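# Summary of structural features
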There are 2 protein chains.
Amino acid sequence: MATTGQATGGRGDARLSEKGIYTAALRLIDADGVGALSMRKLAAVLGVNPMSLYHHVPNKAALLRGVKNLVAAQFQPQVDGGTWQEQLYRFASDFRALAHRHPNLIVHSLASPDFIEPEDPFWTGLTGVLTSAGVPATEVAPVGAVLTSLFSGFLLAEMNGTLGRLAAMQPAPGRAGSGAASGADADGNGSFELAVQTLIAGLEAHLPPATAR
Amino acid sequence: MATTGQATGGRGDARLSEKGIYTAALRLIDADGVGALSMRKLAAVLGVNPMSLYHHVPNKAALLRGVKNLVAAQFQPQVDGGTWQEQLYRFASDFRALAHRHPNLIVHSLASPDFIEPEDPFWTGLTGVLTSAGVPATEVAPVGAVLTSLFSGFLLAEMNGTLGRLAAMQPAPGRAGSGAASGADADGNGSFELAVQTLIAGLEAHLPPATAR
DNA sequence: ACCTGAACACCGTTCAAGT
DNA sequence: ACCTGAACACCGTTCAAGT
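From a predicted model like this one, the values you see are computed outputs, not experimental measurements.

## Points about the protein's contact with DNA strand D
Around DNA strand D there are 17 residues in total, and Ser52(A), His55(A), His56(A), Arg40(B) and Met51(B) lie nearest to it. Counted by atom, the contact set of DNA strand D within 4 Å of the protein is 43% sugar and phosphate. Ser38(B) has a polar side-chain atom sitting 3.3 Å from a phosphate oxygen of DNA strand D. In this structure, a base nitrogen belonging to DNA strand D sits 2.3 Å away from a side-chain N or O atom of Arg40(B).

Dropping the structure here:
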């Protein structure tokens, strides 16, 4: 017991692999946030000299990108049956479930410029839904970009606590924040419903009138 | 010429004030981003020993909060005439204009948990618009929270370049990204319109049917 | 009261040396 | 090929000392 992190055997035998580094880093991020991840701490957890990491990962930015890709690969959205509205709802639900699994990583990734890449199942899935909704081919990317940015903001605010804090604010300066009064939206599910219904309503309004199907 | 930053006189005479520190920090952030701001660099720009800053600001987190409040105070939304839809549109436009003035700071602030505070003109302005739209008093805060999170995501993605990058993606893997093809939305104004219309449509759908006025 | 130098406990990363 | 120790150029922050 009290082993040096995930080291399979003793200490000093360094079995370093790119994927092993990423998963160890992800565990640190899940536990303490991206801010608490350092090359030196990661090396300590792996029972290895800090410099050894640089033989498998060029630098810290690449490390974070690798971790991000590790969890991005887990995202396999199920968008099949139903109307495009139902598909979009399921798509958003799946993404939100992934975010809840690794909130610290998601908070960091959503705020950084290169979170979504063209090959990500996220982007291919979303463009598929938009196409089936009747969005013209030339508009799929710009419309998808706007919907992505809006929904990312929702997830970011939910993960870092901003959403809950704002939702609990009292409009009048009368009695100061008494917390969750009227059986409010403690788990954020109501906020999620409203956010997704907003995106759907916006897309419906943007589509040519006859395409409701 | 070639003075030590903004030092009014020579060097060594340290005229430090809380506001002077914040404005100097804001200039550094505007120039190089929050990541490039350090207590030591800030002190160098002010022509002062790094430790002197700690007599006016408790730590770096408080420094960033002070800078944020400095620009948050600049936000004076003009929400008067017109329908609530027009008010919401103007409100979003004003906020976006502020974000364009200090993109580096906004990117950092939108991603951090304590950007918006109850007394901020941002929150009071938004809740005012929602009330005039007919949102019941108990729903103003939760609805405002969702709209804020969605719109923050749009601004964040616009500021850090994600929006433009996604919008330029080609849906089919045919010919790789040829850049702005069909006179696209280079300045993001079209994306902004779509984002705000989406928020308005979502709010309209959420309101009780007769409240369109 | 305010400023400062030295110091502590960290960072990411390079490089020459080991095996 | 992979690992390592020493070193460089940074951080934020504490503390005792100066004026």
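## Structural notes on the interface of chain A and chain B
Where interface size is given, it is often the accessible area lost as the parts come together that is meant. Counting from both sides, the interface comprises 41 residues of chain A and, opposite them, 41 residues of chain B. Overall, the association of chain A and chain B removes approximately 3,300 Å² of surface from exposure, summing both partners, and the carbon and sulfur fraction of that is 73%. Remark: the boundary between chain A and chain B carries 0 salt bridges. Between the two partners, chain A and chain B, sit 8 residue pairs in polar contact (both at pLDDT 80 or more). Secondary structure elements with two or more residues in the side of chain A that touches chain B: helix H5 (103-111), helix H7 (137-160), helix H8 (162-167) and helix H9 (189-206) of chain A. The dominant element in the side of chain A that touches chain B, judged by the number of residues it contributes, is H7(A), at 15 residues.

## Brief notes about the relation of the copies chain A and chain B
Related by rotation about an axis and a shift along that axis, the two copies of the chain form a pair. Overlaying chain A with chain B gives an RMSD of 0.0 Å, the required rotation being 180° about an axis along which the chain moves by 0.0 Å. Taken together, the turn and the small shift mark the pair as related by a two-fold rotation axis. For chain A, the smallest separation between a C-alpha atom and the rotation axis is recorded for Gly153(A), amounting to 1.7 Å. The fraction of interface residues of chain A whose copies in chain B are also interface residues reaches 100%, indicating that both copies meet through the same surface.

## Thoughts on the UniProt feature "DNA-binding region" (unreviewed entry) in chain A
Here the UniProt feature "DNA-binding region" (unreviewed entry) sits at residues 38-57 of chain A. With 40% helix and 0% strand, residues 38-57 of chain A has end C-alpha atoms that lie 13 Å from one another.

## Considering the confidence of the model for chain A
Residues and elements named next belong to chain A. Averaged over every residue, the pLDDT of chain A is 86; the share at 70 or more is 84%. A low-confidence stretch, residues 1-13 stays under pLDDT 50, and its non-local contacts, those more than four residues away or across chains, total 12 contacts. Across residues 174-181 the pLDDT falls below 50, and counting only partners more than four positions away or on other chains, this stretch makes 3 contacts in the model.

## Some words on the packing of aromatic side chains
Residues and elements named next belong to chain A. The tally for this structure, following the rule as stated, stands at 22 aromatic pairs over all chains. Ring centres of Phe 75 and Phe 91 lie 5.6 Å apart, and the angle between their planes is 75°; on these two criteria the pair is classed as edge-to-face. Of this pair, Phe 75 sits in the loop between helix H3 (60-72) and helix H4 (84-101) while Phe 91 sits in helix H4; the two residues are 16 residues apart in sequence, bridging distant segments of the chain. We classify Phe 75 as buried; its relative accessible area is 5%.

## Looking at the packing of H9(A) against helix H9 (residues 189-206) of chain B
For the pair H9(A) and H9(B), interaxial distance at closest approach is 7 Å and the crossing angle is 115°. In terms of orientation, H9(A) and H9(B) fall into the roughly perpendicular class. The two elements H9(A) and H9(B) meet at a crossing, and its hand is right-handed. Contact residues: Leu194(A), Thr198(A), Leu199(A), Ala201(A), Gly202(A), Ala205(A) and His206(A) in H9(A); Leu194(B), Thr198(B), Leu199(B), Ala201(B), Gly202(B), Ala205(B) and His206(B) in H9(B). Residues of the contact of H9(A) with H9(B), tallied by class, amount to 8 nonpolar, 6 polar and no charged.

## Notes on the packing of helix H7 (residues 137-160) of chain B against H9(B)
All names here are of chain B. Interaxial distance between H7 and H9 falls to 11 Å at its minimum, and their mutual angle equals 160°. The orientation of H7 relative to H9 falls into the category roughly antiparallel. Along this stretch, H7 crosses H9, giving a crossing that reads as right-handed. Mapping the contact onto sequence places Glu 139, Val 143, Leu 147, Leu 150, Phe 151 and Phe 154 in H7 and Ser 191, Phe 192, Ala 195, Val 196, Leu 199, Leu 203 and His 206 in H9. Its residues placed into classes, the contact of H7 with H9 shows 10 nonpolar, 2 polar and 1 charged.

## Topic: the protein's contact with DNA strand C
The environment of DNA strand C is formed by 17 residues, the closest being Arg40(A), Met51(A), Ser52(B), His55(B) and His56(B). In DNA strand C, atoms within 4 Å of the protein come from the sugar-phosphate backbone in 44% of cases. Within the side chain of Asn49(B), a nitrogen or oxygen atom sits 3.1 Å from a phosphate oxygen of DNA strand C. Between His55(B) and DNA strand C, the recorded distance is 3.1 Å, taken from a side-chain N or O atom to a base nitrogen. For the surface near DNA strand C, the element with the most residues is helix H2 (residues 39-46) of chain A, which contributes 3 residues.

## Topic: the pattern of salt bridges
Evaluation of the coordinates by the stated rule reveals 4 salt bridges over all chains. For Glu117(A), the salt bridge identified is with Lys68(A), shortest N-O distance 3.0 Å. Residue Glu117(A) is found in the loop between H5 and helix H6 (121-133), and its partner Lys68(A) is found in helix H3; the two are separated by 49 residues along the sequence. A salt bridge links Glu158(B) to Arg96(B), with the nearest nitrogen and oxygen atoms 2.7 Å apart. Placement of the pair is Glu158(B) in helix H7 and Arg96(B) in helix H4 (residues 84-101), with a sequence separation of 62 residues. For the pair Glu158(B) and Arg96(B), one class covers both residues: buried.

About the cut-offs
- Residues numbered from 1 in each chain as written.
- Chains lettered and ligands numbered in written order.
- Predicted model: local features only at pLDDT ≥ 70, side-chain atom pairs only at ≥ 80, totals over all residues.
- Heavy atoms only, no water.
- Near = heavy atom within 4 Å.
- Polar contact = N/O pair within 3.5 Å; in protein donor to acceptor, adjacent residues only side chain to side chain.
- Contact = heavy atoms within 4.5 Å.
- Buried area = accessible area lost by both parts, 1.4 Å probe.
- Salt bridge = Lys/Arg side-chain N within 4 Å of Asp/Glu carboxyl O.
- Helix = DSSP H or I, 4+ residues; strand = E, 2+ residues; numbered from the N terminus.
- Least-squares fit on C-alpha atoms with pLDDT ≥ 70 in both.
- UniProt positions renumbered as here; feature names shortened; annotations may be inferred.
- pLDDT = per-residue confidence, 0-100.
- Phe/Tyr/Trp six-rings, centres within 6.5 Å; stacked < 30°, edge-to-face > 60°.
- Buried < 20%, exposed > 50% of the residue type's maximum accessible area, 1.4 Å probe, protein only.
- Axes fitted to C-alpha atoms, helices over the stretch in contact; angles between N-to-C directions.
- Parallel < 35°, antiparallel > 145°, perpendicular 65-115°, else oblique.
- Left-handed = near helix turned anticlockwise from the far one by under 90°.
- Nonpolar A, V, L, I, M, F, W, Y, C, P; charged D, E, K, R; others polar.

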